Amino acid sequence: MTINLAEIAEMFDFNEITADVYVELCALRKLTKDELLSFLEYDEKDIDESLTLLEEKKLLLFEETTASFIPLELSQLDEDLIENVKKVLFSLKESESIGIVKYEGIEGIKRVYLEVLGEAIKKGEDILAFESAQDAEILDTDFIDHYIKRRIDNKISAHVITPNEDVDIEYKKEYQDNYTFIKMIPDFKIDANINVVGDLVMTFSLHEPFTGTLRRDHSEAATLKEIFQKLWKYT
């Protein structure tokens, strides 16, 4: 997330790891501990301590039926917490004004994946992607599985155009279902992966050094969506 974790930590008198856990929960609304471990990649001890502190501060609740942690709505909060939570939600809203953010490393790419998913959930819009399954493998299976589960739980479809390599064929066999649609194009070379949702465009390369950008540009997103739809329809 493109917000100041130090400021949020100071607001609630906890550390930045706990702030990060809370922001992720506010953005994605409901997460299991396993998902938090996969998405944030902190030690289990740090996640456990953060969740315990957030529960003690009455900022979230545990839903036993889904083993998920859910941030409380403003109407459910103690009065002295409401203003601080409003500031967190405002920070999340302000992140929508993002222009261009550059990121690097596997961890950076994973976090931006989550930002794209958060955008899709907020907009209720499908994710369109040009991706290589070979590149996706570098992100690790555990992260991908949790990410796809979270997307499906929120009924967000992904339409993915991939090359037609053996690894892409296996990827399609494993992941295609009611909310994941994959179309393979022979001799389709992908040097950079692209995800588009709402006005967000995420571009990343998983060739050393791992780098990418996240841009909010309505015209660019609309153009890429049009290109994607035409490729999807006519190939």
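Cut-offs used in this document
- Residues numbered from 1 in each chain as written.
- Predicted model: local features only at pLDDT ≥ 70, side-chain atom pairs only at ≥ 80, totals over all residues.
- Heavy atoms only, no water.
- Helix = DSSP H or I, 4+ residues; strand = E, 2+ residues; numbered from the N terminus.
- Buried < 20%, exposed > 50% of the residue type's maximum accessible area, 1.4 Å probe, protein only.
- Contact = heavy atoms within 4.5 Å.
- Phe/Tyr/Trp six-rings, centres within 6.5 Å; stacked < 30°, edge-to-face > 60°.
- Axes fitted to C-alpha atoms, helices over the stretch in contact; angles between N-to-C directions.
- Parallel < 35°, antiparallel > 145°, perpendicular 65-115°, else oblique.
- Nonpolar A, V, L, I, M, F, W, Y, C, P; charged D, E, K, R; others polar.
- Expected span 1.5 Å × (residues − 1).
- Arc of directions from axis to C-beta.
- Polar contact = N/O pair within 3.5 Å; in protein donor to acceptor, adjacent residues only side chain to side chain.
- Pairing = 2+ DSSP bridges.
- Patch = residues over 30% accessible without salt bridge, like charges linked within 9 Å, V, L, I, M, F, W, Y side chains within 5 Å.
- Areas by Shrake-Rupley, 256 points an atom, 1.4 Å probe, with all protein chains shown as cover.
- Salt bridge = Lys/Arg side-chain N within 4 Å of Asp/Glu carboxyl O.
- Lys, Arg positive; Asp, Glu negative; His and termini not counted.
- Charge placed at Lys NZ, Arg CZ, Asp CG, Glu CD.

## Side note on the overall build of the protein chain
Turning to step 1, where the next piece is worked out: What the protein chain contains, in helices and strands, is 10 helices and 10 strands.
Turning to step 2, where the next piece is worked out: Within the protein chain, buried positions represent 48% of all 235 residues.
Turning to step 3, where the next piece is worked out: Contacts spanning at least 24 positions in sequence make up 66% of the contacts within the protein chain whose residues lie at least 6 apart.

## So, the packing of aromatic side chains
Turning to step 1, where the next piece is worked out: The full count for this structure, using the stated rule, is 11 aromatic pairs.
Turning to step 2, where the next piece is worked out: A ring pair is formed by tyrosine 113 and phenylalanine 143, whose centres lie 6.2 Å apart and whose planes are at 70°; its orientation type is edge-to-face. Note that tyrosine 113 is positioned in helix H6 (residues 105–123) and phenylalanine 143 in helix H8 (residues 141–153), a separation of 30 residues in sequence. Exposure class is identical for tyrosine 113 and phenylalanine 143. Each is buried.
Turning to step 3, where the next piece is worked out: Judged by centre distance (4.9 Å) and plane angle (45°), the ring pair of tyrosine 171 and tyrosine 175 falls under tilted. Linking tyrosine 171 with tyrosine 175, this pair stays in helix H9 (residues 166–175), spanning 4 residues, or about one helical turn. Just as tyrosine 171 is buried, tyrosine 175 falls in that class too.
Turning to step 4, where the next piece is worked out: A network of ring pairs unites the aromatic residues Phe39, Tyr113, Phe143, Tyr147 and Phe204 as a single cluster.

## Details of the packing of helix H2 (residues 16–28) against helix H4 (residues 44–56)
Turning to step 1, where the next piece is worked out: The contact between H2 and H4 brings their axes to 9 Å, and the two run at 70°. Judged by the inter-axis angle, H2 sits roughly perpendicular to H4. Facing Ile17, Thr18, Val21, Tyr22 and Leu25 of H2, the residues of H4 in contact are Asp46, Ile47, Ser50, Leu51, Leu53 and Leu54.
Turning to step 2, where the next piece is worked out: In terms of residue class, the contact of H2 with H4 is built from 8 nonpolar, 2 polar and 1 charged.

## Some points on H4
Turning to step 1, where the next piece is worked out: Over its 13 residues, H4 extends 18 Å from the first C-alpha to the last, a length consistent with the 18 Å expected when each residue adds 1.5 Å.
Turning to step 2, where the next piece is worked out: Of the residues making up H4, those classed as buried are Ile47, Ser50, Leu51 and Leu54. Viewed along the axis of H4, the buried residues span an arc of 95°, placing them on a single side of the element. For H4, the exposed residues lying more than 90 degrees away from the buried face are Lys45 and Glu56.

## Section: the environment of glutamate 44
Turning to step 1, where the next piece is worked out: Residue placement: glutamate 44 occurs in helix H4.
Turning to step 2, where the next piece is worked out: The sequence separation of glutamate 44 and aspartate 34 amounts to 10 residues, and the corresponding C-alpha distance is 9.1 Å.
Turning to step 3, where the next piece is worked out: If sequence neighbours within four positions are ignored, glutamate 44 has contacts with Lys33 and Leu37.
Turning to step 4, where the next piece is worked out: Here lysine 33 takes part through its side chain, which lies 2.7 Å from a polar atom of the side chain of glutamate 44.

## Overview of the pairing of strand S5 (residues 127–130)
A regular strand carries its side chains on alternate faces of the sheet.
Turning to step 1, where the next piece is worked out: Residue alternation in S5 divides its side chains into two sets, Ile127 and Ala129 and Leu128 and Phe130, and both sets are buried.
Turning to step 2, where the next piece is worked out: With 4 bridges connecting them, S5 and strand S6 (residues 158–162) associate as parallel partners. Bridge assignment links leucine 128 to a residue of S6, and that residue is histidine 159.
Turning to step 3, where the next piece is worked out: When S5 meets strand S8 (residues 193–197), the two strands line up antiparallel, connected through 3 bridges. Bridge pairing in S8 links leucine 128 to valine 196.

## Quick word on a negative patch on the surface
Turning to step 1, where the next piece is worked out: On the surface, Asp34, Asp142, Asp145 and Glu174 cluster together into a negatively charged patch.
Turning to step 2, where the next piece is worked out: Checked against the element boundaries, aspartate 145 lands in helix H8.

## With respect to H6
Every α-helix carries 3.6 residues per turn, so stepping three or four residues along brings you back to the same face.
Turning to step 1, where the next piece is worked out: End to end, H6 covers 27 Å across 19 residues, agreeing with the expected 27 Å (1.5 Å per residue, within 8%).
Turning to step 2, where the next piece is worked out: Counting buried positions along H6 yields 14 of 19 residues, so the element is predominantly enclosed.
Turning to step 3, where the next piece is worked out: Downstream of H6 by a residue or two, glycine 124 has a phi angle that is positive, lying close to 65°.

Limitation: the analysis is restricted to geometry and does not speak to function.
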